[in-house]
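A closer look at the structure
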Amino acid sequence: MTEVRLAAVDPKSSGYDTLVVGVTTTKRDSKLDIAASTGLGHSERKRILAGLTQVGAKAKPGSVTKLPGVSGIDIPQLICVVIGATEEEATPEQIRQAAGAGTIAAEDSAKVAVVMPGKAPADVAATAQGALLGAYRYEQCRGSGTKKPAKAAKTITVLTDSNRDRHVREAVRQAEIVAQEVWFARDLVNAPPSALHPIELAEAAVAQVAGLAVETLVLDEADLEEGKYGGILAVGQGSINPPRLVRLEYRPERSAVHIALVGKGITFDSGGLSLKPPTAMETMKCDMGGAAAVLAATAAIARLGLPATVTTYAACAENMPSGTAQRPGDVLTTLDGTTVEVLNTDAEGRLVLADALVSAGRDEPDVIIDVATLTGAQMVALGNRVSAVMSNSDDLRDDVVRAADMVGEQFWPMPLPPELRESLDSPIADLANIGDRMGGMLTAGLFLQEFVDPETPWAHLDIAGPSFNDSKPHDYTPKGGTGVAVRTLVQLVKDLADAASK
Ligand code: BES
Ligand code: MN
Ligand code: ZN
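Residues numbered from 1 in each chain as written. Chains lettered and ligands numbered in written order. Predicted model: local features only at pLDDT ≥ 70, side-chain atom pairs only at ≥ 80, totals over all residues. Heavy atoms only, no water.

Details of the domain arrangement of the chain
- Under the domain assignment used here, the chain contains domain 1 (3-140 + 151-161) and domain 2 (183-501).
- Each of domain 1 and domain 2 has a C-alpha centre, and these two points are 37 Å apart.
- Taken residue by residue, the interface counts 16 residues in domain 1 and 14 residues in domain 2.
- Summed over both partners, the interface of domain 1 with domain 2 buries about 1,300 Å², with 63% contributed by carbon and sulfur atoms.
- There are zero salt bridges connecting domain 1 and domain 2.
- Taken together, the links from domain 1 to domain 2 amount to seven residue pairs in polar contact (both at pLDDT 80 or more).
- At the level of secondary structure, the elements contributing two or more residues to the side of domain 1 that touches domain 2 comprise helix 2 (92-105) and helix 3 (121-134).
- The residue makeup of the side of domain 1 that touches domain 2, split by class, is eight nonpolar, six polar and two charged. (Domains from an automatic or database assignment. Contact = heavy atoms within 4.5 Å. Buried area = accessible area lost by both parts, 1.4 Å probe. Salt bridge = Lys/Arg side-chain N within 4 Å of Asp/Glu carboxyl O. Polar contact = N/O pair within 3.5 Å; in protein donor to acceptor, adjacent residues only side chain to side chain. Helix = DSSP H or I, 4+ residues; strand = E, 2+ residues; numbered from the N terminus. Nonpolar A, V, L, I, M, F, W, Y, C, P; charged D, E, K, R; others polar.)

Shown next, in the form of structure tokens:
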């Protein structure tokens, strides 16, 4: 794993392969500028700007220009990233994005240094976090062929004049923990589905919290059978890889609030007998992105020592077609005794989540948050970068949106229109697993709501599009698993704990 360091700005210190430089814009005439608060000296800043002018660097926000070294700076490659704001106006998120775009462009540089404008804790922490998020590479499938995928940097050194500031160091430490857990979530999502069945997902979850104040419990197929987890079992019954329910519990001495996190952990979604077309299956290893997010967030929360009790459930199964698979028309019974007519085996996420939500509710948490790559309709509505949040509490829904804004993730409020509920009626069972196709994201949310106590504030995060980037890298987001929702969940738990202890 890439190590993050803080050091004083000293462009003559050699040993770095690449220097990432954040480029701001002048206030008066919107020209490219390098701020004094980067810590770089006047003459070095002038030489970098001259280099940028020489190659005709674009002023477009996010544009990346590589320069082969500049005299006075003893680093062979400079990567200049346009922030798209003046030094005063640059937000932590803009700094985070520029730092990440820089480390993504650094390809397989081993030792990367970064300078960005801003000396405040929030600025330096954003620099470190963005740089680390952009430095992510998935390395587990590198072979011995000639064209090996890039390796992650060995070290990222944030060069800053405030490298000795206690508040800066603490903010960077926290930002690093969160970014490391985003890496963990990405690793889980990027793992080929043949390498990460429900068993391996559960093992990875347990291993990730080893040594932390987190208790773990994994229910195997026999436990699930005995406990009557009919939703998870029905989805898992078509696969030779049996399902699992992972439970993590973080209960610190000082705890202001109890939050339950629930994640959809379908390690591969073929659709089951309601088989998906081949192209729709290409990215379906991402269907455990919700589980990855709640597991990673829990590890981060425990490492940060946040004063909140967190109980986390990851409902893990593989949705496959076979002679033992559930059939369209089958009726299952979920953990709370609800019968569900399964009309479409591809609407499997809500079935595993039903059991997990009921389980989570039995701990009597103050708040329940579920995270799932639940519907294609989410992507139709909001695209690949904006996630949806639905809730039985307007306050909690707003809390999620605010937490997301704070950390630079995009969540948008969506309704749970009661009039759509009747489309989930079944003529023979308590519920059908599909309803109106129009508003499919909302009917999925309404289905989940059936398994939550109406008195408990609950929010449902549909991350179907944002969990996996199948187009070009952007900002600090590489191709593949994004780790979306981890940062929002950590911030939300922080905020809820803060509010409860006031
Ligand atoms: N895992 C999919 C949703 C999905 C689609 C996630 C694309 C990420 C990218 C989910 O299990 C699914 O198949 N949903 C169906 C539901 C339908 C059958 C009611 C869908 O959205 O088509
Ligand atoms: Mn599906
Ligand atoms: Zn699915």
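Some details on the coordination of the zinc ion (ligand 3)
- Around the zinc ion (ligand 3), the protein contributes the donor atoms K264 (NZ), D269 (OD), D287 (OD) and E348 (OE), at 2.0 to 2.4 Å from the metal centre.
- We note that the donor set of the zinc ion (ligand 3) lies within a single chain, spaced as K-x4-D-x17-D-x60-E.
- Here the zinc ion (ligand 3) and the manganese ion (ligand 2) are spaced 3.1 Å apart, linked through D269, which binds each one. On the criterion of sequence distance, the pair formed by K264 in strand 10 (residues 258-269) and E348 in the loop between strand 13 (339-342) and helix 10 (349-362) is long-range, its members being 84 residues apart.
- Taking relative accessible area as the criterion, K264 reaches 1% and is therefore assigned buried.
- A residue is classified by how much of its surface remains accessible, and E348, at 1% relative accessible area, is buried. (Donors = N, O, S within 2.8 Å, 3.2 Å for Na, K, Ca; no water. Buried < 20%, exposed > 50% of the residue type's maximum accessible area, 1.4 Å probe, protein only.)

Some words on the site of ligand 1
- Taken together, 16 residues lie near ligand 1, and K276, D287, D346, E348 and G376 sit nearest.
- K264 places a polar side-chain atom, nitrogen or oxygen, 3.2 Å from an oxygen atom of ligand 1.
- Within the side chain of D346, one N or O atom sits 2.8 Å away from an oxygen atom of ligand 1.
- In isolation ligand 1 has 520 Å² of accessible area, and contact with the protein removes 79% of it.
- For the shell around ligand 1, the elements supplying multiple residues, two or more each, are strand 10 and helix 11 (376-382).
- Of the residues that constitute the shell around ligand 1, the class distribution is five nonpolar, four polar and seven charged. (Near = heavy atom within 4 Å. Areas by Shrake-Rupley, 256 points an atom, 1.4 Å probe, with all protein chains shown as cover.)

Structural notes on the packing of aromatic side chains
- Applying the stated criterion across every chain yields a total of two aromatic pairs.
- Between Y136 and W183, the aromatic rings sit 5.3 Å apart at their centres with planes inclined by 80°, giving edge-to-face as the arrangement. Taken as a pair, Y136 in the loop between helix 3 and strand 7 (155-159) and W183 in helix 4 (residues 166-190) lie far apart in primary sequence, 47 residues in all. You'll find Y136 and W183 in the same group, each marked buried.
- Between the aromatic rings of F447 and F451, the centroid separation amounts to 5.4 Å while the plane-to-plane angle is 45°, which identifies the pairing as tilted.
- Residue classification places F447 among the buried residues on the basis of a relative accessible area of 0%.
- We classify F451 as buried; its relative accessible area is 6%. (Phe/Tyr/Trp six-rings, centres within 6.5 Å; stacked < 30°, edge-to-face > 60°.)

Concerning the nonpolar core
- Judged by nonpolar contacts, the single largest core of 98 residues is most densely connected at I259, I369, V371, L461 and L489.
- No other element matches the 12 residues that helix 9 (residues 289-304) contributes to this core.
- Residue contributions to this core reach at least three from each of two domains, namely domain 1 (3-140 + 151-161) and domain 2 (183-501).
- In contact with I369, not counting residues within four places along its chain, are I259, A260, L261, V262, L396, A459, L461, L489 and L492.
- Membership of the second largest hydrophobic core comes to 47 residues, among which are L224, Y229, A234 and V262. (Core = buried A, V, L, I, M, F, W, Y, C linked by side-chain atoms within 4.5 Å.)

Some details on the sheet that holds strand 13
- Taken together, three strands build an open sheet; the order of strands is 12-13-17 and the sheet is mixed. Two strands lie at the open edges of the sheet, namely strand 12 (330-333) and strand 17 (431-432), each paired on one side alone.
- Bridge analysis of strand 13 against strand 17 gives two bridges, and the strand direction is parallel. Counted as the bridge partner of E341 is A432 from strand 17. (Pairing = 2+ DSSP bridges.)

Remarks on the sheet that holds strand 9 (residues 244-250)
- Pairing within the open sheet is mixed, and its eight strands lie in the order 8-9-11-10-14-18-15-16. The two strands at the open ends of the sheet, each matched to only one other strand, are strand 8 (214-219) and strand 16 (411-413). For this sheet, the mean inter-axis angle between neighbouring strands, taken without regard to orientation, is 20°.
- With four bridges joining them, strand 15 (residues 387-391) and strand 18 (residues 458-462) adopt antiparallel strand pairing. Bridge pairing in strand 18 places A388 opposite D462.
- Contacting strand 14 (367-372), strand 15 and strand 18, helix 13 (residues 440-449) runs over the sheet at an angle of about 145° to strand 18.
- Its contacts with the sheet place helix 14 (residues 486-500) against strand 10, strand 11 (309-319), strand 14, strand 16 and strand 18, and it is angled at close to 175° to strand 14. (Axes fitted to C-alpha atoms, helices over the stretch in contact; angles between N-to-C directions.)

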